[in-house]
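# Reading the structure
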Amino acid sequence: MRNEPLNMGWHFDTVNMLQAAMLCNDVSEEDSHMIQVRGDHRRHRINLRNDDYYYSDEFVRDHYQLVHCCGPKGTVYLFD
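Please read these numbers as outputs of a predicted model, since none were measured by experiment. (Residues numbered from 1 in each chain as written. Predicted model: local features only at pLDDT ≥ 70, side-chain atom pairs only at ≥ 80, totals over all residues. Heavy atoms only, no water.)

## What to know about a nonpolar patch on the surface
- Residues Leu-18, Met-22, Val-76 and Leu-78 make up a contiguous nonpolar surface patch of roughly 460 Å² in combined accessible area.
- Along the polypeptide, Leu-78 turns up in strand β4 (residues 76-79). (Patch = residues over 30% accessible without salt bridge, like charges linked within 9 Å, V, L, I, M, F, W, Y side chains within 5 Å. Areas by Shrake-Rupley, 256 points an atom, 1.4 Å probe, with all protein chains shown as cover. Salt bridge = Lys/Arg side-chain N within 4 Å of Asp/Glu carboxyl O. Helix = DSSP H or I, 4+ residues; strand = E, 2+ residues; numbered from the N terminus.)

## Overview of the pattern of salt bridges
- Per the counting criterion, the structure on display carries 1 salt bridge.
- For the salt bridge of Glu-58 with Arg-61, the shortest nitrogen-to-oxygen distance reads 3.9 Å. Placement of the pair is Glu-58 and Arg-61 together in helix α1 (residues 57-63), with a separation of 3 residues, close to one helical turn.

## Observations concerning the packing of aromatic side chains
- For the structure shown, the criterion picks out 2 aromatic pairs.
- Relative to Tyr-64, the ring of Phe-59 has its centre 6.0 Å away and its plane inclined at 65 degrees; by these criteria the two rings are edge-to-face.
- Residues Tyr-77 and Phe-79 carry aromatic rings whose centres are separated by 6.3 Å and whose planes lie at 10 degrees to one another, so their mutual orientation is stacked.
- Judged by its relative accessible area of 17%, Tyr-77 falls in the buried class. (Phe/Tyr/Trp six-rings, centres within 6.5 Å; stacked < 30°, edge-to-face > 60°. Buried < 20%, exposed > 50% of the residue type's maximum accessible area, 1.4 Å probe, protein only.)

So far we have only geometry, and geometry alone does not tell us how the molecule works.
What follows is the structure in structure tokens.
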């Protein structure tokens, strides 16, 4: 993962949260875009410390299928 000022490392959000994102412009994989990991919302987490919050690039590549949030203007993504 690149070390860019707006880049947030691999992390997970809180449980029971529904998010929506709508693309305001056409977005391709060559553009800056959000990448999600498929199925991570099914993993239960307890007793987390600050050290447990972020995932490494290697862990994500080895354990998850990536979903690139790209598409034409008006595409909507829902995240559970």
